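Chain by chain, the residues run as shown.
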Amino acid sequence: MTKMRFFITAILVSLVFFSGCGSQKSVNFTPKKAIPAWYAKPPLVTTTTLYAIGEAQNKDEAIVNALNNMASTLSVSIGSQFTSREVVEDGIKSSHQVTSSNEIQSDVKKLRISNYEVLDSKELGFRKYIVLIKSDKQKLFNSLKNEVDQKFAFIDKQKETIARYHAIKQLTIYKKAKSDIADVPNTLIIMNVLNESFDSKEYVNKVEAVNSNYDKLLSSITFTIQSNTEAKDLEASIKKGLTAKELQVQYNTGKKHFILIITSKIDKASTYGFTLARAAINIIVRDYRGSIIGSNKLNIVGQSTQGYNVAKENVAIKLNEMIKKDGIGKVIGLDL
């Protein structure tokens, strides 16, 4: 009986042992791929070519990272060149110069590099891809120059027809032009680094001309505000909104003068202890010929527990809040 128990125990131990061996997972040892020399020691930037490496989970993401690295490398070069060109007195650089340099480097990092070539790529292992890219400086320069030329060509085309519009519309066109060329000065710095023989003076003059035309037009536009008795309290809010846009409110005449007419009809009501002032407001903007160039209708309800006059004041407060939120242009029906 004892022998039988020993025999059964031995069989069970053997089964457990072999079962454990069979459940062991096989380990697949994959030899680590060698890092290519171009990744360990990337090519240096030359007078004609930019190089950059990148890595990510897949090839496309690795290329994007490489392009970002290329822009960052370019920004360092530009920042260095920009600093060397600054006039530094007594070895102290002004905060303005430092800020300008940082802004330029930041803008360069956002540069979209469309002219590039993937020189090499390799999958190092699971979810790890590396690439080496290059970009020809002259081709990159040409693409940037083409973008700048297209911007100014569009602006020149608009200038041919701008005279047929009223001054507010002209101001809107110049405002958009200013926005479109806001990054041109920094782009010109990049182009100067890519091509040292490039003369940016012509483009700088064009940028200054657009900005000057906008400023000159803005300073010459004037408004007169007219209102009926019930809209008198609203004039201050409208004037504040216009002056915030650097538009002058004063009596004047001529093609660049506009008349803003506010009329309001207020109905008095009461509810749950509140006095209400229901204001139906009509706004019209006319040019020097009397043509309506902007308009809007507003319905604002003022309320107060202190009487009708305070409720009317609440209408003006709400109009002021509306101007702050939506902008004076939307409130008076103009694109400002």
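These figures come from a predicted structure and were not determined experimentally. (Residues numbered from 1 in each chain as written. Predicted model: local features only at pLDDT ≥ 70, side-chain atom pairs only at ≥ 80, totals over all residues. Heavy atoms only, no water.)

1. Some details on the overall build of the chain
We count it as follows: Helix numbers and strand numbers start at the N terminus; a helix is a DSSP run of H or I with at least 4 residues, a strand a run of E with at least 2. In this scheme, a residue with accessible area under 20% of its type's maximum is buried, one over 50% is exposed, and one in between is partly exposed, where area comes from a 1.4 Å probe on protein chains only. Two residues form a contact once any of their heavy atoms are found within 4.5 Å.
Helix and strand content of the chain: 11 helices and eight strands. Among the 336 residues that make up the chain, the fraction classed as buried is 35%. Excluding contacts between residues fewer than 6 apart, the proportion of contacts in the chain whose partners are at least 24 apart in sequence is 65%.

2. What to know about the pattern of salt bridges
For the record, the criterion: One side-chain nitrogen of Lys or Arg within 4 Å of one carboxyl oxygen of Asp or Glu is enough to make a salt bridge.
Applying the stated criterion across every chain, the model contains eight salt bridges. Between lysine 206 and glutamate 202 there is a salt bridge; the shortest N-O distance is 3.7 Å. Linking lysine 206 with glutamate 202, this pair stays in helix H8 (residues 201-220), spanning four residues, or about one helical turn. Using a relative accessible area of 28% as the deciding quantity, one classes lysine 206 as partly exposed. A salt bridge links arginine 289 to aspartate 287; the nearest nitrogen and oxygen atoms lie 3.4 Å apart. We classify arginine 289 as exposed; its relative accessible area is 59%.

3. Digging into the pairing of strand E6 (residues 257-271)
Under the convention used in this document: Pairing between strands is defined by DSSP: at least two bridges between them are needed.
Across six bridges, strand E4 (residues 222-227) lies against E6 in parallel orientation. Across the sheet, residue threonine 224 finds its bridge partner in E6, namely isoleucine 259. Sheet topology places E6 next to strand E7 (residues 274-286); 13 bridges connect them, and they run antiparallel. Bridge pairing links lysine 268 to alanine 277 in E7.

4. Observations regarding the side chain of serine 200
Within the element layout of this structure, serine 200 appears in the loop between helix H7 (184-194) and H8. We classify serine 200 as buried; its relative accessible area is 15%. Those residues in contact with serine 200 that lie beyond four places of it in its chain are Leu188 and Asn192.

5. Comments concerning H8
Think of an α-helix as turning once every 3.6 residues; residues three or four places apart then point the same way. Quick reminder of the rule: A helix is expected to span 1.5 Å for every residue after the first. This arc is built from the directions going out from the helix axis to the C-beta atoms.
With 20 residues, H8 extends 28 Å from end C-alpha to end C-alpha; this agrees with the ideal 28 Å at 1.5 Å per step. The complete set of buried residues in H8 reads Tyr203, Val207, Val210, Tyr214, Leu217 and Leu218. Along the axis of H8, the buried residues cluster in a sector spanning 110 degrees; they form a single face. Among the exposed residues of H8, those oriented more than 90 degrees off its buried face are Lys201 and Lys216. Each element contacted by the buried residues of H8 is listed here: helix H5 (137-159), helix H6 (167-180) and H7.

6. Describing the side chain of serine 264
Within the secondary structure layout, serine 264 lies in strand E6. By relative accessible area, which is 5% here, serine 264 ends up buried.

7. Quick word on the environment of serine 291
Note on placement: serine 291 falls in the loop between E7 and strand E8 (292-304). For serine 291, a relative accessible area of 34% translates into the label partly exposed. Taking the C-alpha atoms as reference points, serine 291 and phenylalanine 258, 33 residues apart in sequence, are found 9.9 Å from one another. When sequence neighbours within four positions are dropped, the list of residues in contact with serine 291 reads Val285 and Arg286.

8. Focus: the sheet that holds strand E2 (residues 117-125)
Applicable threshold: Angles shown run from 0 to 180 degrees and are taken between the N-to-C directions of axes, each axis being a line fitted to C-alpha atoms and, for helices, limited to the stretch in contact.
In spatial order, the strands read E1-E3-E2; together these three strands make up an open sheet with antiparallel pairing. In this open sheet, the two strands that pair with only one neighbour each are strand E1 (49-56) and E2. Taken pair by pair, the neighbouring strands of this sheet meet at an average axis angle of 15 degrees, ignoring direction. Contacting E1 and strand E3 (128-136), H5 crosses the sheet at an angle of about 75 degrees to E3.

9. Description of H6
Across its 14 residues, H6 extends 20 Å between first and last C-alpha, which sits within 8% of the 20 Å expected from 1.5 Å per residue. Of the positions making up H6, those classed as buried are Ala167, Ile168, Gln170, Leu171, Thr172, Ile173, Tyr174 and Ala177. Along its buried surface, H6 packs onto H5, H8, E4, E6 and E8.

10. Here's the deal with the confidence of the model for the chain
The criterion, for reference: One number per residue, pLDDT, summarises how confident the predictor is, and it ranges from 0 to 100.
Chain-level pLDDT for the chain is 84 on average; 80% of the residues reach the 70-or-more range. Mean pLDDT in the chain bottoms out at helix H1 (residues 2-23), which sits at 52, and peaks at E4, which reaches 97. Within the model, the stretch residues 87-94 combines pLDDT values under 50 with four contacts to residues more than four positions away or in other chains.

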